[in-house]
Amino acid sequence: MAGTLSTPAGPHVRLGLTGGIGSGKSTVAAMLQTLGAKLVDADAISRNSTAANGAAIPFVRQVFGNDYVTADGALDRDRMRALVFAQPEARSKLEAIVHPLVRAEIDRQCAAMDGGCAVLDLPLLVESDAWRQRVDTIWVVDCLPETQIRRVMQRNGWPRGQVQAVLAAQATREQRLAIADTVIDNDSATLEQLETRVREAFEDLRHRFGL
């Protein structure tokens, strides 16, 4: 008798990973991948939705007008960035377009997994209850704000004021730490020290969730 086809059951655990700009969140996400976790990158999904002919573009045209879409059919990021800093309600309108698309794609990617740990890289995990409800445990990559400023200035070549404006628009360090189940200290760690901290925390997670 022919057997029934099995379908993926999704991940055993969803790890919500967050941290402010310059915290080293992407580095930690890459380390978790080398340990066997599967990465779901909300930022990448969001960028794809607003790239040329992305799923969000028709709604951006409808809500904001053609001036906020480039000639090749992508979101005009510079123009939109200036708008959301000047008008906070514009950020809410953009998030109302993009976030449902991102959540749906996250769910689709997770549904295609067969067990293991899904790392959901979620920059807005602190700001949104909807994101927190979708994860089983929360990791925060933490460092001092001054460390964030220095790293971003060195990495992006931005002036201090620009970095401080981005930090002001994000959740505070205290808000992130308040929701953390696990804190990965990356303030003055070497790469080797960070790897050790991530590995030990992941081993603890595997034990707690029976992975």
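A brief report on the enclosed structure follows. The structure displayed is predicted, hence computed values, not measured ones.

Digging into the packing of helix α4 (residues 77-86) against helix α5 (residues 88-111)
Next up, step 1: As a packed pair, α4 and α5 sit with axes 5 Å apart at the nearest point and diverge in direction by 125°. Classed by the angle they form, the pair α4 and α5 counts as oblique. Only P88, A90, R91 and L94 of α5 make contact with α4, whose side of the interface consists of M80, L83, V84 and A86.
Next up, step 2: Of the residues in the contact of α4 with α5, the class split is 7 nonpolar, no polar and 1 charged.

Regarding helix α10 (residues 191-209)
Every α-helix carries 3.6 residues per turn, so stepping three or four residues along brings you back to the same face.
Next up, step 1: The end-to-end C-alpha distance of α10, which contains 19 residues, comes to 27 Å, matching closely the 27 Å that a straight helix rising 1.5 Å per residue would cover.
Next up, step 2: At its buried positions, α10 is contacted by β1 (13-18), α1 (25-34), β3 (117-121), β4 (137-142) and β5 (182-185).
Next up, step 3: Count one or two residues on from α10 and you reach G210, which has phi positive near 70°.

Focus on the pattern of salt bridges
Next up, step 1: On inspection of all chains with the given rule, the structure shows 10 salt bridges.
Next up, step 2: Between D107 and R14 there is a salt bridge, with the nearest N and O atoms lying 3.5 Å from each other. With D107 in helix α5 and R14 in strand β1, this pair connects stretches of sequence that are 93 residues apart.
Next up, step 3: In this structure D107 comes out as partly exposed when scored by relative accessible area, which is 31%.
Next up, step 4: Between R197 and D185 there is a salt bridge, with its nearest N and O atoms 3.9 Å apart. One end of the pair, R197, is in helix α10; the other, D185, is in strand β5, with 12 residues separating them in the sequence.
Next up, step 5: On the accessibility criterion, R197 (31% relative accessible area) is partly exposed.
Next up, step 6: Among the ionic contacts, a cluster of salt bridges with common partners joins R14, D107 and R134.

Reading the values: the criteria
Residues numbered from 1 in each chain as written. Predicted model: local features only at pLDDT ≥ 70, side-chain atom pairs only at ≥ 80, totals over all residues. Heavy atoms only, no water. Axes fitted to C-alpha atoms, helices over the stretch in contact; angles between N-to-C directions. Helix = DSSP H or I, 4+ residues; strand = E, 2+ residues; numbered from the N terminus. Parallel < 35°, antiparallel > 145°, perpendicular 65-115°, else oblique. Contact = heavy atoms within 4.5 Å. Nonpolar A, V, L, I, M, F, W, Y, C, P; charged D, E, K, R; others polar. Expected span 1.5 Å × (residues − 1). Salt bridge = Lys/Arg side-chain N within 4 Å of Asp/Glu carboxyl O. Buried < 20%, exposed > 50% of the residue type's maximum accessible area, 1.4 Å probe, protein only.

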